[in-house]
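A closer look at the structure
The lines below spell out each chain.
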Amino acid sequence: MKSVMKLKQENLKSLSAQMGTPAYDRNQVKVGIVHVGVGGFHRSHEAYYTDKLLATGSLDWGICGIGLREADRKMRDTLKEQDYLYSLLVKHPDGKVENHVMGSLVDFMLSVDDPRAVIDRMANPETKIVSLTITEGGYNFHPVTGAFRFDNPDVQHDLANPDKPRLIFGYLTAALQKRRAAGLAPFTVQSCDNVPHNGDMTKRMLLAFARRQDAELAEWIEAEVRFPNAMVDRITPVTTPADIELLEAKFGVIDGWPVTCEPFCQWVIEDQFSDGRPAWENVGAQFVPDVTPYEKMKISLLNAGHSVLGLLGSIQGHETIDGAVRDPLFAAYLRNFMDLEATPVLDEVEGIDLDAYKDSLIERFSNPSIKDSLARICLESSAKLPKFLLPTLRENLASGGHIAYATLVIAAWCYYSDKGVNRHGVALDIVDDMKAELHQAAGGTSEDVLSFLRIESIFGELIEERSFTSLYEEMITDLYKNPDISVLMRKVQDQK
Ligand code: CS2
C-alpha cells in the first residue's frame, strides 16, 4: 500500500519522489511581497511564478499572505498547519495530472486579528511590493461613474479609524504613511485582478481615499508610488473534495486545501516599480511598456466569453464550462460573440494572432479535466459584467456594431436573477453582493419590461439606447414565455 503523508516542511524530502517540491531552502527566503487576498487564483498564478523564481536563487521575493476578512481564517489555519505549503494540481486535457508543491508563501496574517501588525508588515523596508487579488468588486468604485464610493460604510469606518481599517485602501494608506515618515521608498502596489487598467484603477481609488485622510500624503503617493497595470491569466476552478482525495490516492499526500488549474498561464506586466522588482521574466512572465491591448483582449474575449457561457449555460442546465462548450450550439454562439461583437472593439496586439488566440480559448474552455463550474463563473456577476461585457456592448452601440449576442446574455441575467432556476425549474446557486437588488429589479419585469435595466449602478444610461432596449424587450418577452434559451440563441445566430 502506498504510504500517505501530511504536507509539511519536514515531510518534503520523502514526498519529493512523487511530485515537484521546492528546490530551494525556504529558511533563507525573505518576504519581499505582501499579498492581499490569498485565494485559488493567487496560488495558481503569482505564487506559482514566484515559486519558480525562488528556484532560480532569487530568495528575496517570498510572499506573506494577508487576509482582510474573517472568512480568510480557514485558509490561513489550513496553510499554517502545513507550513504554508500547498499542492498545485495541473490538469491536462488528456487526463494527465501533475502535482507541484509550492513553497513561495512563507507567512500569512489575518488583519482582523492584528491590524497594526499588517500595517507594520507592509511598512517594513523588506516589503518591496504589495500585490492584490481582491476581486473585481474589491476596488470600491461606482461601475458607471467610476468614482470611489465614500457611501460604503466600511470606507467611513476606515476614515474614522486609520489604525484599524477594514478595507485595502485604509491599509495601503496607513502603511505608506509609515514608510514616508521613516524616509523610506514606497512599495509598489500591484493589482492582479481582472479589472481594465487594474493599476491605474487602484491608483485612482487609493488617491481618492488617501486625499480624505491626508492630502500631503496623497500627493506623495501620486508622485512616488508605482501601480503597474497587468494582464493575468490562468483558469483556476474551485477546489473540490475530489481534488483532495485524488492527491491522497495518486500522490500520497494529505493537503487540506490544494489548488487545481489548467496548464496555460500568462502574465503581462507594465515595467514600472517603486522599489525594485523580481525578475519574473526569467520564469515566463512578460514585461511590456503598455499592457492595454493585452488586457482588453483577455477581458473582452476570455472573461466575457466565460460570462456568456455562464449565464446562458446556467439557464440551459449546463453545469461546467467544458460541458457548455461541448454543446455545439454554445460553441458556435461563443465563437460568433467573439468574432462579431468582441473582436471589432479590440486593438491590434503586437505578436498575437487574434484568430489563434480565440481558437486557443475554446480549446482551454474544452479541457475536460477542468470542471470549472458555471456557479463560479456567475458568482458576483454584478461586479463582473460591467467590466467584462458592458464596455463591449457600449462600444458597439456607439459604432452601430453588432449587439444581439451580448443583449441576450443580459436578458438571461435578468431571468436568472428573477427566477433563480434553470429552464427545468432546478434551483441555481446564486452568490452576489447585489443579489437582493438584482432579484427585486428583475422581479418587476412582468409589469415593466425594462425594470432590470433600471439598476443604474450597473447599466447607467444603457436604458436610453433604443436599438438595445427594443432588442432586449423582444428577447425578454420571448424568454419569459419559454425559458428554453436555446431557441433564442438559435434565433440570434440565424440573424447574424
Ligand atoms: C472568470 C475568471 O471569474 C470569472 O468569471 O472569467 O476567473 C477566469 O477564469 C480567469 O480570469 C482566467 O484567467
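For the structure itself, consult the block above.
Source: prediction; values computed, not measured.

Taking 1.5 Å per residue as the helical rise, helix H8 (residues 198–213) with its 16 residues ought to reach 22 Å, and the 23 Å between its terminal C-alpha atoms agrees with that figure. Looking only at H8, the buried set comprises Asn198, Gly199, Met201, Thr202, Met205, Leu206, Leu207, Ala208, Phe209 and Ala210.

Here we take up the sheet that holds strand S2 (residues 31–36). Spatially, S6-S3-S2-S7-S8 is the arrangement adopted by the five strands of the open sheet, whose pairing is parallel. Looking at strand neighbours, the two that pair on one side only are strand S6 (105–110) and strand S8 (188–191), the edges of this open sheet. Geometrically, the sheet is characterised by an average inter-axis angle of 25 degrees between neighbouring strands, direction not taken into account. When S2 meets strand S3 (residues 62–67), the two strands line up parallel, connected through five bridges. Counted as the bridge partner of valine 31 is glycine 62 from S3. Along the sheet face, helix H5 (residues 115–123) touches S2, S3, S6 and strand S7 (129–132) and points at about 140 degrees away from the line of S6.

Moving on, we come to the side chain of histidine 157. Within the secondary structure, histidine 157 sits in helix H6 (residues 153–160). On the basis of relative accessibility, which here comes to 19%, the residue histidine 157 falls in the buried class. In terms of polar contacts, histidine 157 uses its side chain to reach the side chain of aspartate 158, at 3.0 Å. Sequence-distant contacts of histidine 157, that is, excluding residues within four places in its chain, are made with Lys164, Pro165 and Arg166.

Let's shift gears to the sheet that holds strand S12 (residues 266–270). Sheet architecture is open: three strands sit in the order S9-S12-S13, paired in mixed fashion. What marks the edges here is a single partner per strand, and that holds for strand S9 (230–233) and strand S13 (286–288). Taking each pair of neighbouring strands and ignoring which way they run, the sheet shows an average axis angle of 20 degrees. In the sheet, S12 pairs with S13 via three bridges, with the strands oriented parallel. Looking across to S13, one finds that isoleucine 269 is bridged to phenylalanine 287.

Turning next to the site of the ligand. Around the ligand, the neighbouring residues are Asn194, Asp233, Arg234, Ile235, Lys298, Leu302, Asn303, His306, Arg376, Ile377, Lys384 and Phe388. The separation between an oxygen atom of the ligand and a polar side-chain atom of arginine 376 is 2.8 Å. Surface burial for the ligand is 93%, taken as the share of its 340 Å² of free accessible area covered by protein chains. For the shell around the ligand, the secondary-structure elements that each account for two or more residues are helix H11 (292–316), helix H15 (374–378) and helix H16 (381–388). With four residues, H11 is the single largest residue contributor to the shell around the ligand.

Take the pattern of salt bridges next. In total, this model carries 33 salt bridges according to the counting rule given. Residue lysine 6 pairs with glutamate 81 through a salt bridge whose shortest N-O separation is 3.4 Å. Residue lysine 6 is located in strand S1 (residues 5–6), and its partner glutamate 81 is located in helix H4 (residues 73–81); the two are separated by 75 residues in the primary sequence. According to the relative accessible area criterion, lysine 6 is partly exposed, its value standing at 36%. Of the charged contacts, one joins aspartate 339 and arginine 335 as a salt bridge, the two residues approaching to 3.3 Å between their closest N and O atoms. Residue aspartate 339 and its partner arginine 335 are located together in helix H13 (residues 328–342), separated by four residues, close to a single helical turn. Under the relative-accessibility criterion, arginine 335 is labelled buried at 18%. Linked by salt bridges that have partners in common, Arg335, Asp339, Asp355, Lys358 and Asp359 make up one network.

Rules used in this analysis
Residues numbered from 1 in each chain as written. Predicted model: local features only at pLDDT ≥ 70, side-chain atom pairs only at ≥ 80, totals over all residues. Heavy atoms only, no water. Helix = DSSP H or I, 4+ residues; strand = E, 2+ residues; numbered from the N terminus. Expected span 1.5 Å × (residues − 1). Buried < 20%, exposed > 50% of the residue type's maximum accessible area, 1.4 Å probe, protein only. Pairing = 2+ DSSP bridges. Axes fitted to C-alpha atoms, helices over the stretch in contact; angles between N-to-C directions. Contact = heavy atoms within 4.5 Å. Polar contact = N/O pair within 3.5 Å; in protein donor to acceptor, adjacent residues only side chain to side chain. Near = heavy atom within 4 Å. Areas by Shrake-Rupley, 256 points an atom, 1.4 Å probe, with all protein chains shown as cover. Salt bridge = Lys/Arg side-chain N within 4 Å of Asp/Glu carboxyl O.

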